[in-house]
Amino acid sequence: MKARGKVLGLEAAYRVLQNSRTRHTALVEEMYEPARLFTGTWLRRTYEAECERTRKLTAEAQIPRDRLDTIVRAMRDPLKQEPFRRLLSAEGLAAVPKTLAQRINAEQPAQTSCPPAEPKPLISGISSEVLDLLQEWYVPPQVFASLRRMLPERQLKAAKLMIALNRANFHYAQLLSTLTPVSQLADPSRPKRKFASVTAEQLAAMEIEFDALNDEFLHCASLCGMWALELMAARSYLDRLMESARVVRYLAQNFPDQLAKLQTILDIPTGREALAQPSRSGRKRKHLVF
């Protein structure tokens, strides 16, 4: 292996390859775009497939939030009733998890905002933040050729998408580059590629839809971990509620629909139980109403 004009031994070469930042910097210096041109058929097929995949992954990331919303809707009306609140206090259940209480009161849980990062210098037209993000990934040189056509902010978004969607390949990078608005290109004066079977209006519509899908996916992917933790706390609280015969009796007599929704959430297997029973629904709990 050669590095900067020197022939390296096996151990030294291995150390260089271990340093992914060095490897990617070398790739950036040698990046090129393939000679073959992509067709309108390829663009449509790849676009539709990636949109469908992104929708599916977004829906999966939203599952904890949707279950939280079900709990919130089921708990909101009972908690408006003074007798129910007194019952919870008597049963030692008045302390609702903070984030769940905020949602029930129509407040969004506080989210920590990161201060805007200072722009870092580009390395051969590629943001150093992008190189850091991709340092653990094998990235073909052609990917950097596509990223180089974008502004640094767009490059960073593209890198996050490639990692989150496990799409660190040239075809996906080329799709991102092709559907990048002119305002986010490094050289807006450079004519955009034209496709025989795709009109300019259709391409613009694809850009808008693709960006909206990707923004929603990145938003959900960044919050799904927090939603999962909130759901875990909410389910733990529901478990305690359902262990109280008096609480269950009150809900069954006054809010049977809400009780059924809470029961549905608790019947969904989680954790090891879900892994042990991937094709079966969780064992339903039976709450006696005295």
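Since the model is a prediction, treat every value here as computed from it, not as a measurement.

Quick word on the nonpolar core
Moving on, step 1. Ranked by size, the top nonpolar core spans 35 residues in total, and within it L43, L134, L147, M162, L176 and F210 carry the most contacts.
Moving on, step 2. Contributions of two or more residues to this core are made by helix 3 (40-61), helix 7 (128-133), helix 8 (141-147), helix 9 (152-164), helix 10 (170-178) and helix 11 (200-242).
Moving on, step 3. Counting residues per element, this core draws most heavily on helix 11, at six residues.
Moving on, step 4. Excluding its chain neighbours within four sequence positions, the residues that come into contact with M162 are L134, V143, L147, R167, A168, Y172, A173 and L176.
Moving on, step 5. Membership of the second largest hydrophobic core comes to 32 residues, among which are F84, L87, L231 and L259.

Thoughts on the side chain of K157
Moving on, step 1. Inspection of the secondary structure puts K157 in helix 9.
Moving on, step 2. Leave out the neighbours within four places in its chain, and K157 touches D211, N214, D215 and L218.

Overview of the packing of helix 4 (residues 63-79) against helix 11
Moving on, step 1. Where helix 4 meets helix 11, the closest approach of the two axes is 8 Å, and the angle between their N-to-C directions is 40°. Considering the angle they form, helix 4 stands oblique to helix 11. Handedness of the crossing formed by helix 4 with helix 11: left-handed. Contacts between helix 4 and helix 11 pair P64, R65, R67, L68, I71 and M75 from the former with C224, W227, A228, E230, L231, A234, Y237, L238 and L241 from the latter.
Moving on, step 2. Its residues placed into classes, the contact of helix 4 with helix 11 shows twelve nonpolar, no polar and three charged.

Structural notes on helix 13 (residues 256-267)
Moving on, step 1. Taking 1.5 Å of rise per residue, twelve residues should cover 16 Å, and helix 13 covers 16 Å from first to last C-alpha, within 8% of that figure.
Moving on, step 2. Buried residues in helix 13 make contact with helix 4, helix 11 and helix 12 (245-254).

Side note on the side chain of T54
Moving on, step 1. With respect to the secondary-structure elements, T54 resides in helix 3.
Moving on, step 2. The class for T54 is buried, based on a relative accessible area of 1%.
Moving on, step 3. At 2.8 Å, the side chain of T54 and the backbone oxygen of E50 are in polar contact.
Moving on, step 4. Apart from the residues lying within four places of it in its own chain, the contact partners of T54 are L165, L213, N214 and F217.

Let's talk about the environment of K157
Moving on, step 1. Judged by relative accessible area, K157 falls into the buried class, the value being 15%.
Moving on, step 2. Between the C-alpha atoms of K157 and L218, which are 61 residues apart in sequence, the distance is 8.8 Å.

Let's talk about the packing of aromatic side chains
Moving on, step 1. Applying the stated rule across the entire model yields four aromatic pairs.
Moving on, step 2. Taken together, a centroid distance of 5.3 Å and an interplanar angle of 25° make the contact between F84 and Y250 stacked. Of this pair, F84 sits in helix 5 (residues 82-90) while Y250 sits in helix 12, placing them 166 residues apart in sequence. Across the pair, Y250 and F84 agree in class, each one buried.
Moving on, step 3. What links up through ring pairs into an aromatic cluster is the set Y47, Y172 and F210.

Details of the pattern of salt bridges
Moving on, step 1. Taken as a whole, this structure holds 13 salt bridges when the rule is applied.
Moving on, step 2. Here D66 ties to R65 by a salt bridge, and the two come within 3.6 Å at their closest N and O atoms.
Moving on, step 3. A relative accessible area of 35% means that D66 is categorised as partly exposed.
Moving on, step 4. When the shortest N-O distance is used, the salt bridge between R85 and E82 registers 2.5 Å. With R85 and E82 both in helix 5 and three residues apart, the pair spans about one turn of that helix.

Section: the packing of helix 9 against helix 11
For any two helices packed against each other, one specifies the crossing angle of their axes together with the interaxial distance.
Moving on, step 1. Closest axis-to-axis distance for the helix 9/helix 11 pair is 11 Å, and the angle between their directions is 65°. The pairing of helix 9 with helix 11 is recorded here as roughly perpendicular in orientation. Handedness of the helix 9/helix 11 crossing: left-handed. Facing R154, K157, K160, L161 and A164 of helix 9, the residues of helix 11 in contact are D211, N214, D215, F217 and L218.
Moving on, step 2. Grouping the constituent residues of the contact of helix 9 with helix 11 by class yields four nonpolar, one polar and five charged.

Some words on the confidence of the model for the protein
Moving on, step 1. Of the residues in the protein, 76% reach a pLDDT of 70 or more, and the chain-wide mean stands at 82.
Moving on, step 2. Between residues 1-8, whose pLDDT stays under 50, and residues either more than four places distant or in other chains, the model counts ten contacts.
Moving on, step 3. Ignoring residues within four places in sequence, the model shows residues 272-283, a span with pLDDT below 50, making nine contacts including any to other chains.

What counts, and where the lines are drawn
- Residues numbered from 1 in each chain as written.
- Predicted model: local features only at pLDDT ≥ 70, side-chain atom pairs only at ≥ 80, totals over all residues.
- Heavy atoms only, no water.
- Core = buried A, V, L, I, M, F, W, Y, C linked by side-chain atoms within 4.5 Å.
- Buried < 20%, exposed > 50% of the residue type's maximum accessible area, 1.4 Å probe, protein only.
- Helix = DSSP H or I, 4+ residues; strand = E, 2+ residues; numbered from the N terminus.
- Contact = heavy atoms within 4.5 Å.
- Axes fitted to C-alpha atoms, helices over the stretch in contact; angles between N-to-C directions.
- Parallel < 35°, antiparallel > 145°, perpendicular 65-115°, else oblique.
- Left-handed = near helix turned anticlockwise from the far one by under 90°.
- Nonpolar A, V, L, I, M, F, W, Y, C, P; charged D, E, K, R; others polar.
- Expected span 1.5 Å × (residues − 1).
- Polar contact = N/O pair within 3.5 Å; in protein donor to acceptor, adjacent residues only side chain to side chain.
- Phe/Tyr/Trp six-rings, centres within 6.5 Å; stacked < 30°, edge-to-face > 60°.
- Salt bridge = Lys/Arg side-chain N within 4 Å of Asp/Glu carboxyl O.
- pLDDT = per-residue confidence, 0-100.

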